[in-house]
Amino acid sequence: MEIARIIGGRELHGEVFVSGSKNASLPILAACLLTSEECIVENVPDLSDIRLMVDILRNVGAIVEYVDAHTLRICAADITPRAPYDAVKQMRASVCLMGAFLGRMGHSSVSLPGGCVIGQRPIDLHIKGFKKLGCAVDIQNGYLEVKGGNMIGTHIFLGGRYGSTVTGTANVLMAALGARGVTVIESAACEPEIIDLCLFLRKQGAAIGGIGTNTLTIVGQRKLHGCRHRIIGDRIEAGTFICAGLMTKGCITIRGNTPKVGGAVYDKLEEMGANVKEFEDGTIVVDSKKQKLRSAEIITLPYPGFPTDLQAQFCTLLSCIDGISVVSERIYPGRFMHIPELNRMGADIMLEESHAIIHGSSKRKLTGTQLMASDLRASAALYLAGLCAENETLIHRVYHLDRGYEQFEEKLCNLGANIERLQEANLTKEEGLQRAS
Ligand code: EPU
């Protein structure tokens, strides 16, 4: 297995380009199954999750070709609406195949995903939406069997106890494309990734109203066709680089981020006294010279609220800022696997149910040690900690990071960071892990 070695303490300077959004790409790749014609999707990030989705698409019968490293040509002329456990167990986002199968063929058989380290992640709202459309839903041998031969457009309230659901909205939206008449989804997710999906579907010929709002109106049973689409930039990757710039007291320019990172994030950064500016074209400039950052209170919420996918990174940032910060997780109440690891580096963070109480300090430096990455965003938070820690940080299970950050280490190294990827076995032999213990 690979591990990352980071020598902390370097200021980051220069320009970095964010990749296409993983969370926009995954449902859009699934949506290519809605038509038998060819779709070309550009700016798809080269990530392990994307490669898994490509394998799944091929597995169900689609022909997928790489035009180049970031452009996919997909033709789903002849597909079978079934996704087996082997595919789904590796990536929860493969549940968004259900909507595409239903919208195209009126039938879906997808293995139910198992547990997830960041929280329970049920799919009851997806099921509720399918049932409202008139589908028969049944669980058989671990598969969610959905039969929607005669789906009829209707009014669906899709909000749950944690607010809207991103993948649930994508699923019900795609299923509704196969229903007779008009469907209205109330309390729909309005994340930029859902907007991108809607714009893609429109290019395929779908009639969708209310894009970017919490109420989507979908006209079903229109003939969908092939199209060409460019995926939006990854706002979470951009937000992670903002944290990296601030934590290392650097000056960096972040490009390629077509959707805005989000007002809630900038609002917090302003409150913290950070000098971060986003320009009309999406370019972000982080200049942390002469700044004195302040502690903050952050509550994660569905868009346009503060994104849960930046919570871990901000916990790291706030642990290096004087004062007490409180970070409350309202999407995944238990998504705090990074906190014990940060505390092992010398951070002072207390967990109280779904709140992290951070006693931050700019004087008490984090110190490098061996760390265990537990999920994608927790990995990013540990990399950030390593970037500003004293001495050497070794991060195990970095495959979590590879699911969602394309060339993260190369990009950080180009900004001046000192990071290398090593084979765990080699490190044990050559240097001994006591180096970082
Ligand atoms: N929820 C339900 N019932 C459902 C669906 C969701 O109660 O049927 C709950 C969830 O348990 C959670 C909340 O609603 O508490 C929101 O979940 P949502 O369905 O919006 O999450 P998701 O669609 O499974 C996507 C992203 C996540 C991101 C969340 C929240 C993709 C592939 N994944 O997940 O991204 O954290 O939205 O914004 O788009 C990541 O990239 O690291 C990641 C985990």
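Caption draft 1: Structural context of the overall build of the chain. Along the chain, the regular secondary structure elements total 15 helices and 24 strands. In terms of overall dimensions, the chain is globule-like: its C-alpha atoms have a radius of gyration of 22 Å, near the 22 Å expected for 437 residues. When the backbone C-alpha atoms are referred to their principal axes, the chain occupies close to 65 × 45 × 40 Å. Residue burial in the chain is summarised as follows: out of 437 residues, 59% are buried. Relative to all contacts within the chain whose residues are 6 or more apart in sequence, the contacts with residues 24 or more apart total 73%. For the chain, the exposed surface amounts to about 17,000 Å²; the carbon and sulfur share of it is 50%.

Caption draft 2: Layout of the site of the ligand. Taken together, the neighbourhood of the ligand is formed by 22 residues, with Thr165, Val166, Thr167, Asp309 and Ile331 sitting nearest. In the environment of the ligand, an oxygen atom lies 3.0 Å from a nitrogen or oxygen atom belonging to the side chain of Arg121. In the environment of the ligand, an oxygen atom lies 3.2 Å from a nitrogen or oxygen atom belonging to the side chain of Arg335. Out of a free accessible area of 830 Å², the ligand has 89% covered by protein chains. Listed by contribution, the elements that provide at least two residues to the shell around the ligand are α1 (22-31), α5 (124-132), α6 (166-176) and α12 (376-388). With 3 residues, α5 is the largest single contributor of residues to the shell around the ligand.

Caption draft 3: Examining the packing of aromatic side chains more closely. Applying the stated criterion across every chain yields a total of 4 aromatic pairs. Look at Phe241 and Phe408: their rings are 5.6 Å apart centre to centre, the planes differ by 50°, and that puts the pair in the tilted class. Highlighted residues: Phe241 in helix α8 (residues 235-247) and Phe408 in helix α14 (residues 408-414), separated in sequence by 167 residues. The residues Phe241 and Phe408 share a single accessibility class, namely buried. For the ring pair Phe306 and Phe314, a centre distance of 5.0 Å and an interplane angle of 85° mean the geometry is edge-to-face. Here the aromatic cluster, defined as three or more aromatic residues joined through ring pairs, consists of Phe241, Tyr383, Tyr405 and Phe408. Across the ring face of Tyr143, the terminal group of Arg82 is positioned such that the distance to the ring centre comes to 4.0 Å.

Caption draft 4: Highlighting the sheet that holds strand β24 (residues 418-423). Across the sheet, which stays open at both edges, the 4 strands sit in the order β22-β23-β1-β24 with mixed pairing between neighbours. Of all the strands in the sheet, just β22 (370-372) and β24 have a single pairing partner and so form its edges. The sheet shows a mean angle of 25° between the axes of neighbouring strands, direction not considered. Looking at chain direction, strand β1 (residues 2-7) and strand β23 (residues 392-396) are connected through 4 bridges and run antiparallel.

Caption draft 5: Layout of the nonpolar core. With 73 residues, the main nonpolar core has Leu33, Met53, Leu57, Leu97, Leu173, Phe200 and Leu201 as its most contacted residues. When near neighbours in sequence (up to four residues on either side) are disregarded, Leu97 contacts Ala30, Leu33, Met53, Ile56, Leu57, Ala83 and Asn171. Judged by nonpolar contacts, the second largest core, of 65 residues, contains Ile242, Met272, Cys315 and Ala347.

Caption draft 6: View of the pattern of salt bridges. Applying the stated criterion to the full structure yields 21 salt bridges. A salt bridge links Arg255 to Glu15; its shortest N-O distance comes to 3.1 Å. Here Arg255, found in strand β15 (residues 251-255), pairs with Glu15, found in strand β2 (residues 13-17); they are 240 residues apart in sequence, far enough to count as distant. Its relative accessible area of 27% is what places Arg255 among the partly exposed residues. Using a relative accessible area of 42% as the deciding quantity, one classes Glu15 as partly exposed. Residue Glu341 pairs with Arg344 through a salt bridge whose shortest N-O separation is 3.3 Å. Of the two residues, Glu341 and Arg344 both sit in helix α11 (residues 338-344), 3 residues apart, roughly one turn of that helix. Since its relative accessible area comes to 11%, Glu341 is described here as buried. Here the residues in one salt-bridge network are Glu2, Asp402, Glu409 and Arg421, joined through shared partners.

Conventions adopted
Residues numbered from 1 in each chain as written. Predicted model: local features only at pLDDT ≥ 70, side-chain atom pairs only at ≥ 80, totals over all residues. Heavy atoms only, no water. Helix = DSSP H or I, 4+ residues; strand = E, 2+ residues; numbered from the N terminus. Rg over C-alpha atoms; globule rule 2.2 N^0.38 Å. Buried < 20%, exposed > 50% of the residue type's maximum accessible area, 1.4 Å probe, protein only. Contact = heavy atoms within 4.5 Å. Areas by Shrake-Rupley, 256 points an atom, 1.4 Å probe, with all protein chains shown as cover. Near = heavy atom within 4 Å. Polar contact = N/O pair within 3.5 Å; in protein donor to acceptor, adjacent residues only side chain to side chain. Phe/Tyr/Trp six-rings, centres within 6.5 Å; stacked < 30°, edge-to-face > 60°. Lys NZ or Arg CZ within 6 Å of the ring centre and 35° of its normal. Pairing = 2+ DSSP bridges. Axes fitted to C-alpha atoms, helices over the stretch in contact; angles between N-to-C directions. Core = buried A, V, L, I, M, F, W, Y, C linked by side-chain atoms within 4.5 Å. Salt bridge = Lys/Arg side-chain N within 4 Å of Asp/Glu carboxyl O.

Coordinates in, geometry out; function isn't part of it.
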